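Residues per chain, in single letters:
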Amino acid sequence: MRTVSLYEPSAKMWQALDLKFNDASLGENDPIFSNYLETRQLSCDNVCSVLTTLLSIEDISTIHLYSQLAQSSVQIGETKLGKFRVALPKNINARMLVTHLDDIVLLPEGTLPVTAAAKNQLMRLPSSSIIAEITSINISNQIVKRKNKDGVVFQFKRFCKMSPNELFRNKKFDVMFRSPRIPYRLMYRALNVLNTSPHVRRYLFPSVPDKVVKIVPRELATFSLINKSIETNPEQLLAVKQIVAGPNPRAPYIVFGPPGCGKTTTIVEAILQLYIQKGCHILVTANSNSACDTIALKIIECIEKDNRFLQLPNGLTHVLMRLVSYTRLRKAAKQMNPSVLKFSNYLAQRNRFKNNQSAVQCVKLENYGIIVTTLCTASMRVREYPGKFSHIFIDEAGSSSEPETLLAIADMKSIDCHVILSGDHKQLGAVVKRKRAADLGLGQSLMERLMLHKLYEVDTSSGNYDRTLQSRLVRSYRSHPEIVGLYNKLYYNNEIIPLAPMDQVNLAEKWSILPNGKFPVLFQATKGRMETEANSTSSYNMVEAQVLCWYVATLLKGGLGDVPVEQKHIGVVTPYLGQCRLLTYMLRKMDLFNVNVGTVETYQGREKPIIIASLVISSETIHFLSNPRRVNAMISRARTLLILIGNPTAVSKNDGLKFIVEQCKLNRNILYEEPKLMDGIIDDLDNLNLRNADDDDEDSDSSNSSCC
């Protein structure tokens, strides 16, 4: 990151923070953004300026959150292996810190400002301006190694003559935490590059022809498919053929598809056909490591069973590189599939010290035909790649903001390079922490903006659209038709065609707890109380958690009638981190370590035979569930059985959940009597401190950042 400028937000934007980024503070002396506030329309001319302003709102808000973690008169304690612990008060929530990236800054006691404005000012200064020289060594800017319920653990970056134990004995310090702001800096840089690239801006803001041009589909070549199942899916087949032949050069090509319709299968086939037939150099990227790992694994499964990949075109030495960042490499052996690990730069990491190179630099990317990596890593490392990419694939494009998507486009798209976006903009979008930035449009993805463009519109009378610009997948092979029917009716205008084999998805029909086995959706009514964690703003519902644990135990013990259920078959989903932590803790107490628990965000793009969702809310305020995309993502994860646990009156304030409750009533699958809970699941539930649910684990993955 030394080659990327700090891109500090302007003083004007910091002043706007005090006014809560109102229209006057943002539009004053900025005619471009003032006009945007009236039109709310991005254009080829204003995109860089507007997105920079919106990004600054999010950036400054994050820095402000870090400044609130600052503490005075803190004692430093020593732990094993030369690491040190900063004990923080219980009212401080350190979960936002990113291990192995964020810094802890130690200042002499009494130097930390008191007011929030002064702390923000200090956070803005370069590190060299706030370094404290104590006994002739620099103890500022140490890397955060671990965080847990007791505080933060750090380790010295450099050695010193005096032992740290002597240094810290009988002394207290003022403490600050700082983020290197890697994603923000890379996005600012991408916007700067885009500002000097008119051909890329025109590509992302295509013009509509003055005259209506009748689209005549050209004859596309026929070739031998790697995945033969695509032959029977006309939308998938046409998409692959169009991408291989060369999509419309005027604008990005979009592969849109609801859950289970085969988006990943389609783009994997297209990527491999481009490689086999044309020897293309291809960049494949997404905003999360999990999405990159999924697509890399599907590519690996294909190339390992097809002899056509034994011959490498254009002097290449390898087909695939799953390029991971330094922070992910630390966790790779534990978190990555062994097959993906073998095709990654993990093995090269072992020899990095011998060659005095970083784990990423010691891999020659020009030797690989297909590079799979996250958006941030692409911007940090792949932009230095000496060759040119013929195609850039961006998966899960609907869940990335436009500045995030530009990380893979601004630097790396040449005039002849095609960009292919795949995803579903009706599922969860980008994570934007500041509501003001989201309201002004930062959360909109490039994919969603283009899908609203006239070039991508669908003729409502005929259903036709320009197939040189997009493919709309509609055949779902994932879930039971009744489960598909819920989100099909609510969010996809009944356009999805459910085709999952019934012998694979109709497994809950004989489950004794399900009154109507033909409708594998169960709503368990509860009267639990929504509470807020003592040390954060997140919420939990103890009664729902107990009921959910009962369902998990019952399924594991008795199965679905004559169908056995294993832990790996069950996914537990909830919209609240507090409930997620509580459920994780409770299931571990039951020795159930392989029942996956996650928020709706972490489950996007994933699936399980059985999904049990705890809705948490007990009042008329819907909070997170007021977002229809969150509800869509939650109910579309299950293949065989969907169990919803919540207060039917409270959740019915949301139109989507109200429809689901009504369908469960109509099909006799709503249970008002809470099950008799098992005794002794956890003896001290009433006194449970949710902070104990955190792992004291150096390798725990706490970051949502795509750079990690």
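Here we summarise the structure given alongside this text. (Residues numbered from 1 in each chain as written. Predicted model: local features only at pLDDT ≥ 70, side-chain atom pairs only at ≥ 80, totals over all residues. Heavy atoms only, no water.)

1. Thoughts on the side chain of Ser-401
Thinking step 1. Relative to the helices and strands, Ser-401 is located in the loop between strand 13 (391-394) and helix 18 (402-406).
Thinking step 2. In this view, Ser-401 contacts Ala-430, Leu-442, Gln-444 and Ser-445; residues no more than four positions away in its chain are not counted. (Helix = DSSP H or I, 4+ residues; strand = E, 2+ residues; numbered from the N terminus. Contact = heavy atoms within 4.5 Å.)

2. Observations concerning the side chain of Gln-567
Thinking step 1. Mapped onto the elements, Gln-567 comes out in the loop between helix 23 (542-558) and strand 21 (570-574).
Thinking step 2. Reaching out from Gln-567, the side chain makes a polar contact with the backbone nitrogen of Asn-594 at a distance of 2.8 Å.
Thinking step 3. Setting aside anything within four residues of it in sequence, one finds Gln-567 in contact with Leu-556, Asp-591, Leu-592, Phe-593, Asn-594 and Val-595. (Polar contact = N/O pair within 3.5 Å; in protein donor to acceptor, adjacent residues only side chain to side chain.)

3. Overview of unusual backbone geometry
Thinking step 1. The backbone of Asn-29 shows a phi angle near 60 degrees, a positive value even though the residue is not glycine.
Thinking step 2. Within the secondary structure layout, Asn-29 lies in the loop between helix 2 (23-27) and helix 3 (31-39).
Thinking step 3. Even without being a glycine, Arg-181 presents a positive backbone phi close to 60 degrees.
Thinking step 4. Mapping Arg-181 onto the fold places it in the loop between strand 8 (172-178) and helix 8 (182-195).
Thinking step 5. With relative accessibility at 7%, the residue Arg-181 sits in the buried group. (Buried < 20%, exposed > 50% of the residue type's maximum accessible area, 1.4 Å probe, protein only.)

4. Remarks on the packing of aromatic side chains
Thinking step 1. Applying the stated criterion across every chain, the model contains six aromatic pairs.
Thinking step 2. With a centroid separation of 5.5 Å and 45 degrees between ring planes, the pair formed by Phe-33 and Tyr-36 is classed as tilted. With Phe-33 and Tyr-36 both in helix 3 and three residues apart, the pair spans about one turn of that helix.
Thinking step 3. With a relative accessible area of 4%, Tyr-36 lands in the buried category.
Thinking step 4. Ring geometry for Tyr-275 and Phe-309: centres 6.0 Å apart, planes at 15 degrees, overall stacked. One end of the pair, Tyr-275, is in helix 11 (residues 263-278); the other, Phe-309, is in the loop between helix 12 (289-303) and strand 11 (318-322), and 34 residues separate them in sequence.
Thinking step 5. Using a relative accessible area of 1% as the deciding quantity, one classes Tyr-275 as buried.
Thinking step 6. One cation-aromatic arrangement involves Lys-413 over Tyr-203; the distance from NZ or CZ to the ring centre is 4.2 Å.
Thinking step 7. A cation sits over an aromatic face here: Arg-467 above Tyr-465, 4.1 Å from the ring centre. (Phe/Tyr/Trp six-rings, centres within 6.5 Å; stacked < 30°, edge-to-face > 60°. Lys NZ or Arg CZ within 6 Å of the ring centre and 35° of its normal.)

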